[in-house]
Amino acid sequence: MQSAAISYSPSISVSTKPRNPTQSPSLYRFNISSSKRLCFFNGSFSLNTVNCSARRNGWVSGPTSEPREPDSEGFAVRAISVPESPSASESPKSSSGMETFVLGTLFGLWYLFNIYFNIYDKQILEVYPYPLTITLVQLAVGTLLVMFMWIFNLYKRPKISSRQLATILPLAVMHTLGHLFTNISLGKVSVSFTHTIKATEPFFSVVLSAMFLGEFPTLWVVSSLLPIVGGVALASMTEASFNWAGFWSAMASNLTNQSRNVLSKKFMTTKEESLDNITLFSLITIMSFILLAPAAIFIEGVKFTPSFFQSTGLNVREIYIRSLIAALCFHAYQQIAYMILQRVSPVTHSVGNCVKRVVVIVSSVLFFRTRVSLINTLGTAIALAGVFLYSRTKSIKLKTKIA
């Protein structure tokens, strides 16, 4: 059995009521204008200027008695025959299930790539204490991946104006500094402690949003910041690997990363300047590489050559492989994070980021066998609970605005 699927504009009058008691149930009349009728009978359409009616033995057409008016324009009527299927009503559920599966897979990959990045990055920085060079290599690999996607049309290459580049420039500067400070911190302290400190990102987000965007927090938001700050302070007091260079580098990473987010809200607002998240991150990666290259070479020199590694007794092959894996994982988890952000609300993304931090901390403690005391664990748990509470209070605030 087949049914008709018809699309029409709101200006079209549709009537499915039989014209007389003897009319065939398969006859429908569609009033397109006062002078035209679209008749449907037994799977066929007819558009003419006469009335359509049906009798038991066939069609009877007569001239329309209605006065003619100018035909309405600016609409289209399309009709297709589609088979009725019992599974048609199940397609929304199937689509929803597939979307949930894809989203769950993305979250899993986000966490997995983040774990591998932190582990390999820490291993390299322990034997190769040149964070600028390591950061430059990771940005270079990301730049090559972006160029590969654009050249082979895996993702649409954007058309960028000079005004857009000028707008993105401060974002690229903040991104470069944020990534560099994270690598400096990872080289100085344990992975778990770096991410415990980075749990204070909401604090910097609230302060910077109030200063530059005029978005003042509610009492509940401010209250959620207290366990974050208190938990980080408690964890810092009992951290075995604590040193001030690692601590302040992680804090600087929070400041620069949240500055980047605030600048994104402040500047990327006009229709001309707005870009999708993945394109924006791709452009920021390329610009960050260009910005950091001169500084890295000037400060640390060219120290990523085989001859340099051999002179220091390092395994060239191991360093190159681990550096490449860390760089690929860094770019992959950043890209996936933006893909998730396109599918969920910022609040859901924030909660997912909180869970990711827990997963990274636990994984690094187990992998590196980091010594943690009970008080240190308690402080980390309090800080992460504060981050989760912050996400929930932001969700309540968002729902209040919508209402």
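Calculation rules
- Residues numbered from 1 in each chain as written.
- Predicted model: local features only at pLDDT ≥ 70, side-chain atom pairs only at ≥ 80, totals over all residues.
- Heavy atoms only, no water.
- UniProt positions renumbered as here; feature names shortened; annotations may be inferred.
- Helix = DSSP H or I, 4+ residues; strand = E, 2+ residues; numbered from the N terminus.
- Axes fitted to C-alpha atoms, helices over the stretch in contact; angles between N-to-C directions.
- Parallel < 35°, antiparallel > 145°, perpendicular 65-115°, else oblique.
- Left-handed = near helix turned anticlockwise from the far one by under 90°.
- Contact = heavy atoms within 4.5 Å.
- Nonpolar A, V, L, I, M, F, W, Y, C, P; charged D, E, K, R; others polar.
- Patch = residues over 30% accessible without salt bridge, like charges linked within 9 Å, V, L, I, M, F, W, Y side chains within 5 Å.
- Areas by Shrake-Rupley, 256 points an atom, 1.4 Å probe, with all protein chains shown as cover.
- Salt bridge = Lys/Arg side-chain N within 4 Å of Asp/Glu carboxyl O.
- pLDDT = per-residue confidence, 0-100.
- Buried < 20%, exposed > 50% of the residue type's maximum accessible area, 1.4 Å probe, protein only.
- Phe/Tyr/Trp six-rings, centres within 6.5 Å; stacked < 30°, edge-to-face > 60°.

### Describing the UniProt feature "transmembrane region" (unreviewed entry) in the protein chain
- Here, the residues flagged by UniProt with the feature "transmembrane region" (unreviewed entry) are residues 101-120, 132-153, 165-186, 206-234, 278-299, 319-338 and 374-391.
- Helix makes up 100% of residues 319-338 and strand 0%. Its end C-alpha atoms lie 29 Å apart.
- Along residues 374-391 one finds 100% helix and 0% strand; the C-alpha atoms at either end are 26 Å apart.

### With respect to the packing of helix 5 (residues 201-212) against helix 6 (residues 219-237)
- Running from N to C, helix 5 and helix 6 point in directions that differ by 140°, and their axes come no closer than 9 Å. It follows that helix 5 is oblique to helix 6 by the angle criterion. As helix 5 packs across helix 6, the resulting crossing turns out to be left-handed. Facing Pro202, Phe203 and Val206 of helix 5, the residues of helix 6 in contact are Val221, Leu225, Ile228 and Val229.
- Tallied by class, residues from the contact of helix 5 with helix 6 come to seven nonpolar, no polar and no charged.

### Points about a nonpolar patch on the surface
- Together, Met147, Phe148, Ile151, Phe152 and Leu154 make up a nonpolar patch on the protein surface, roughly 540 Å² of accessible area in all.
- Inspection of the secondary structure assignment puts Met147 in helix 2 (residues 131-151).

### Some words on the confidence of the model for the protein chain
- Mean pLDDT for the protein chain: 79, with 73% of residues reaching 70 or above.
- Across the protein chain, the secondary-structure element scoring lowest on mean pLDDT is strand 1 (residues 2-7), at 42, and the one scoring highest is helix 2, at 96.
- Considering only residues more than four positions removed or in separate chains, one finds that residues 1-19, a stretch of pLDDT under 50, has 43 contacts.
- Counting interchain partners and residues more than four positions distant, the pLDDT-below-50 stretch residues 21-90 has 122 contacts.

### Overview of the side chain of Arg357
- With respect to the helices and strands, the residue Arg357 is situated in helix 11 (residues 346-368).
- Among the residues examined, Arg357 registers a relative accessible area of 5% and is labelled buried.
- Those residues in contact with Arg357 that sit more than four places away from it in its chain are His195, Lys198, Ala199, Glu201 and Leu384.

### A few points about the packing of aromatic side chains
- Within the structure shown, the criterion is met by 26 aromatic pairs.
- Taking 6.2 Å as the distance between ring centres and 65° as the angle between the ring planes, the aromatic pair formed by Phe107 and Tyr111 counts as edge-to-face. One end of the pair is Phe107 and the other is Tyr111, both in helix 1 (residues 91-127) and four residues apart, which spans about a single turn. For the pair Phe107 and Tyr111, a shared accessibility class is recorded, and that class is buried.
- Look at Phe247 and Trp248: their rings are 5.1 Å apart centre to centre, the planes differ by 80°, and that puts the pair in the edge-to-face class.
- You can call Phe247 buried: its relative accessible area is 11%.
- Residue Trp248 is classed as exposed on the basis of its relative accessible area of 52%.
- Chaining the aromatic ring pairs together yields one cluster made of Tyr128, Tyr130, Phe304, Phe308, Phe309 and Tyr320.

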